[in-house]
Amino acid sequence: MKLENFSKFESQFVTRQGIQQQNSRIPYVIVDNFPQLGLVTALRFLEWAHDNPDGVISLPTGKTPEYFIRWTQFLLKNWNNDKGKKILDEYGMHLSKKPDLSGLHFVQIDEFYPINPEQRNSFYNYVNKFYIKGFGLNPAKAILINAEEIPLYNNRSYQEVFPDLKVDLSLRYREAKTQQERCQKNSIFKIDEWCTNYEEKIMALGGIGFFLGGIGPDGHIAFNIKGSDHFSTTRLIETNFETQAVAAGDLGGIDVSKNRLVITIGLRTITYNPEAVAIIFAAGEAKAEVVKNALENEPSNQYPASVLQKLKNARFYLTKGAAAQLQDSVDAYYSGEWSKEKTERAVLELLKKLNKYAHHLTIDDLKNDPYCSRIPDLDEKTVPRVIGNIKNKLAKGMRKEEEQRYYHTGPHHDDIMLGLMPYVTHQLRQATNTFDFSILTSGFTAVTNRFIINALRDILFFLEKDEIQMIHYPDFYQTGFKYKWDKDVSHFLGKVASGEPIERRRGLSHRLVRAIVDIYSVKKTEELILRIKEIIHILENSYDGEKNAPDIQKFKGMLREFEEELVWAHFGVRVENVHHLRLGFYTGDIFTEQPDRSRDVMPILEQLRALKPTVISLALDPEGSGPDTHYKVLQAIAEAVRMWQKEEDLSKLRIIGYRNVWYRFHPSEADVIVPVSLNSLAILDETFTDCYLSQVEAPFPSYLLDGKFSTLAQQIWIEQMKHIQLLLGKNFFYENPSPRIRAAHGLLFFKEMDINTFLQQARELEKSMEGF
C-alpha cells in the first residue's frame, strides 16, 4: 500500500495500526467502531479544511453522518481546551490553528423532488440545520437544492404543476396529451436546465474539493444508483427499489418514495476535480458486499462507487464489519488462531463456491482451497466432523424443553415472530413451559398516517351504525374501557376464523376506541367522535414522513401493541403475558437518544425480577447492521441482566440471540438449527398477514424484497436450508427417521449463550458502537 497520497493525519493513523499492504483498488482505513468512524472522518475533514480554507465541500445526509457531525462540532467547540486537545494529541492532529469553516463553499449532494424545503425530512432542511448552522458555514457560499426556487413553466409552483407530487419523466420523450401534461413537460425541461446550471456553478468553483458520502444497499453514492453512467452530471432521475426502500423511512412509506424523484449530483460531478478528496464511509456488515464490489472490481456502472478509483485521494473509511468481505479481511480472519467455527465456515463456503455436495468433495478440493488448506490436521475425517457438528446443532433445535420460563423480547413488534416463530411455537406446546413476550419500543414509526386515517374512518362508520356497543355501558368512559382487552383479541381472531373481513375491521375499531379514550381521557361519545375527526384532520394536513405529536405516536404504538397480542393469542397466550415497555429513547427523531438507566433499563429489570425467566431471547445483530433500535435495546437488556446478576444466581440462565430480516447468521456462527416445515412457513405468513394489519402492504420494506417481511423471512429460511443441504445432502432430510427433519423445507439459525458469554458479546458490540 502506497502512503504518498495519504494526508499526514491518515498516514499516522494507518501506520499506528501497523497496516503494511492492501489488496484493493481504492485505499481504505478501518476503525474499531461506529463513533470512531465519525471521529476519524471529522479529523480528516478538519485537516483538509485547515489546508483549504476557501475550498468546496459536499457532505452527506441521513443517519450515517451522526457521529461525524457530533465530533466535528465537539472538536470545533473544544479545540483549545483540555477535552479537545486530548483527542487531537491522541490522533496526532497538530495543526497551526483551529480551522475556520466560514470560508468554505458548500454543495448540497441531492434532494427529493418535489419536496417542501421546510419539511424536517427534506435534505435542504438537514444541511441547513446540521452543516450551515451547525458548522458555522457561510450561507452565501452554499449551493443548495431548494425545490421552491427551481423555476417551472410560466413561473408556476411545483404544487400547481405536479399537484399529486408525481413527476412523469416519460414526458421528456413522449407527446403530452393534455394541457396539464404540456405544462409538466415544459417544466421538466426547465428542471433539466436548472440542473445544468447547478452543475456549471460547481464547475466554476473548480469542482468539489472534499466529498464525503455514504454508500447505499445497491452501491449508490449520492443518488447515483446501480447502473449510473460514470460520466453523469447533476440531473433529475428516478430511483430503484433498493433506494426507495431505504428512503421510505424518510418519506412516510414506500408508496411515497416509489413516486418521488430525486435531484442528484452525478458521478462526474464528484470526480471532476482530479485533486478531490473523496471519502465513502460505511458501518456494519450489511454494507460489506457493496464495499467489496466497489473496492475489488474494475470500474463498472454496476458499482457506482468504483468511479472513485480514478481519484488518487479517494478513500473508504470503514468499520470492521463493513470491511468484513474484503479479501484482506477474509485472509486476516483465517490467519488468526484457529477454531471449530473457522473449520465449519471454510468447508461450508467451499461447498457453496464449488456448488458441490459434501459427499462429492475430495481431499484435493480441501487442500487446493486457500482457507480449507489451513485447517489443522486436515484429512478425510475433516468434513465428517463438520457434518457431525451441524447435526448436533440440529439436534439442539429439536430438543423438548420442559418447565422453562421464557422471556422473549423484541425491539419492535414482529421481531420475535420473524426471528424465532418456528422455535417458539414448538415450545409453546409443552404445558409445563410458561411464556412472556415483551416488546421494548412503541413501534409507531412503522405505521403510516394513511393507515390510521382509514382505521379512524372505520370507527366513525361503526359508531354511526351503532355497532360498537361497549360505549353504551354506563361506566365505559370512566373505567370500563380498561377491561376486556382479551375480548377484543378473541373477537378479532374469531372473525379471522370465520372469514369476515368487515367484522375484523370492527374488532380493530373496538381496540382503537379503548386507546383513544385512554390517551385523551374521553368522557362521552360526542367527545369521542370529535376527537377522531380532529386526529383525521391533523393527519390529513401532515406531510408524509412528518414526526407525529406524542399523542398520535402513542396511538400508533397502541395499534402495534394490539397486533402483537393477536399474534401470540393464536397460541393461547393471554394479553397479560404480552408486555409493552415503550422505552423512552425511541422518539422518532433522526438521531435517537442513547438508553438511560432509570428510564430504559429499570423497566426491564423490574420484569426480570417479577418473572424470573430461565430463558431470555433477544435480537442479536452485528455492529451497525440492523436498525439502531436493535442495538440500543440489546444494551438496555444487557445492563438489566448485569444488574439482576448481582441479586440472583443466574448460572443456569440461557440467552437466545436471534436475527431476522435485517441480517442473518452464518451456519458456523449459530449454535442451534431449527427445522422449519411447510406448515411453519404457512403459519408464519398467515399469522403475519392476519395480525400485523399495518404491515401487510409493507409500507417500510427491506431493500431485499418488495413485499412483506414474512415473505422475506421465509426466503431466508429456505436459502439457509439449501446451504446446509450441500453439506448434509438432500437425502439426509427426506430419508431421515425424524418426522420433523423429513418435513423440513427451511432452517432457522440462532445462538444460545450462558450469561457470561452473552454479557461479553454485548460488551464487544457496545465497544463497536460506543465511544463518544
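**Student:** Please set out unusual backbone geometry residue by residue, giving values where relevant.
**Tutor:** Residue Pro 114 is reached from Tyr 113 by a cis peptide bond, and omega for that bond is -10°. Locating Pro 114 in the fold gives a position in the loop between β4 (110-113) and α5 (123-133). Backbone geometry at Asp 466 places phi at a positive 55°, although glycine is not the residue there. As for its placement among the helices and strands, Asp 466 is situated in the loop between α17 (449-464) and α18 (485-498).

**Student:** How would you explain the side chain of His 579 if you had to name every residue and give the values?
**Tutor:** With respect to the element layout, His 579 can be found in strand β13 (residues 578-580). With relative accessibility at 16%, the residue His 579 sits in the buried group. If we skip the residues at most four places from it in the chain, His 579 touches Asp 436, Phe 437, Ser 438, Ile 439, Gln 607 and Leu 611.

**Student:** Pulling in residues and values, what's your account of the sheet that holds strand β9 (residues 277-282)?
**Tutor:** The parallel open sheet is built from seven strands, whose spatial order is β1-β10-β9-β6-β2-β3-β5. Only two strands of the sheet have a single neighbouring strand rather than two, namely β1 (28-31) and β5 (142-143). In terms of strand pairing, strand β3 (residues 105-107) meets β5 through two bridges, oriented parallel. Paired with Val 107 across the bridge in β5 is Ile 143.

**Student:** Any details on the sheet that holds strand β15 (residues 654-658)? Residues and values, ideally.
**Tutor:** Overall, mixed pairing links the seven strands, which are arranged β13-β12-β11-β14-β15-β17-β16 in an open sheet. Unpaired on one side and paired on the other, β13 and β16 (672-677) mark the two borders of the sheet. Here the average twist between neighbouring strands, direction ignored, is 25°. Examined bridge by bridge, β16 and strand β17 (residues 744-754) share six bridges and lie antiparallel to one another. Each bridged residue has a counterpart across the sheet, and for Ser 677 the counterpart in β17 is Ala 744. Contacts from helix α16 (residues 415-428) reach β11 (405-410), β12 (434-439), β14 (615-619), β15, β16 and β17, with the element oriented near 165° to β11. Where helix α23 (residues 628-645) meets the sheet, its contacts fall on β11 and β14, and the angle it forms with β14 comes to roughly 155°.

**Student:** So what's going on with the packing of helix α3 (residues 66-77) against helix α4 (residues 82-90)? Residues and values would help.
**Tutor:** Two elements in contact, α3 and α4, have axes separated by 8 Å at closest approach and are oriented at 115°. Along the contact surface, α3 presents Trp 71, Phe 74 and Leu 75, while α4 presents Lys 83, Ile 87 and Leu 88. Here the contact of α3 with α4 is built from residues that sort into five nonpolar, no polar and one charged.

**Student:** Provide a residue-level description of helix α20 (residues 525-540), including the pertinent values.
**Tutor:** Every α-helix winds through 3.6 residues per turn, so residues three or four apart in the chain are directed the same way. Its 16 residues place the ends of α20 23 Å apart at the C-alpha level, agreeing with the 22 Å of an ideal helix rising 1.5 Å per residue. Here α20 has its buried residues at Leu 528, Ile 532, Ile 535, Ile 536 and Leu 539. When α20 is viewed along its axis, its buried side chains cluster within an angular range of 100° and face the same direction. Exposed side of α20, more than 90 degrees from the buried face: Glu 526, Leu 530 and His 537 are the residues found there. Looking at the buried positions of α20, the neighbouring elements they touch are α17, α19 (501-520) and α21 (550-569).

**Student:** Explain the nonpolar core to me, using residue names and the numbers behind them.
**Tutor:** Tyr 423, Leu 456, Ile 459, Val 513, Ile 516, Ile 532 and Trp 568 are the most contacted members of the largest nonpolar core, which totals 79 residues. Ignoring anything within four residues of it in the chain, the contact list for Leu 456 reads Ile 516, Ile 532, Ile 535, Ile 536 and Phe 555. In terms of nonpolar packing, the next biggest core, distinct from the first, is built from 65 residues, Leu 366, Leu 605, Met 643 and Ile 724 among them.

**Student:** Before we move on, can you summarise the pattern of salt bridges with the specific residues and values?
**Tutor:** The final tally for this structure, using the stated rule, is 45 salt bridges. One salt bridge connects Glu 47 with Arg 44, and the closest N-O pair in it is separated by 3.0 Å. Here Glu 47 pairs with Arg 44, and both are found in helix α2 (residues 34-51), just three residues apart, close to one helical turn. Note on Glu 47: relative accessible area 6%, which makes it buried. The shortest N-O distance in the salt bridge between Asp 488 and Arg 514 comes to 2.6 Å.

Conventions we followed
- Residues numbered from 1 in each chain as written.
- Predicted model: local features only at pLDDT ≥ 70, side-chain atom pairs only at ≥ 80, totals over all residues.
- Heavy atoms only, no water.
- Helix = DSSP H or I, 4+ residues; strand = E, 2+ residues; numbered from the N terminus.
- Buried < 20%, exposed > 50% of the residue type's maximum accessible area, 1.4 Å probe, protein only.
- Contact = heavy atoms within 4.5 Å.
- Pairing = 2+ DSSP bridges.
- Axes fitted to C-alpha atoms, helices over the stretch in contact; angles between N-to-C directions.
- Nonpolar A, V, L, I, M, F, W, Y, C, P; charged D, E, K, R; others polar.
- Expected span 1.5 Å × (residues − 1).
- Arc of directions from axis to C-beta.
- Core = buried A, V, L, I, M, F, W, Y, C linked by side-chain atoms within 4.5 Å.
- Salt bridge = Lys/Arg side-chain N within 4 Å of Asp/Glu carboxyl O.

By themselves, these figures tell us nothing about what the structure is for.
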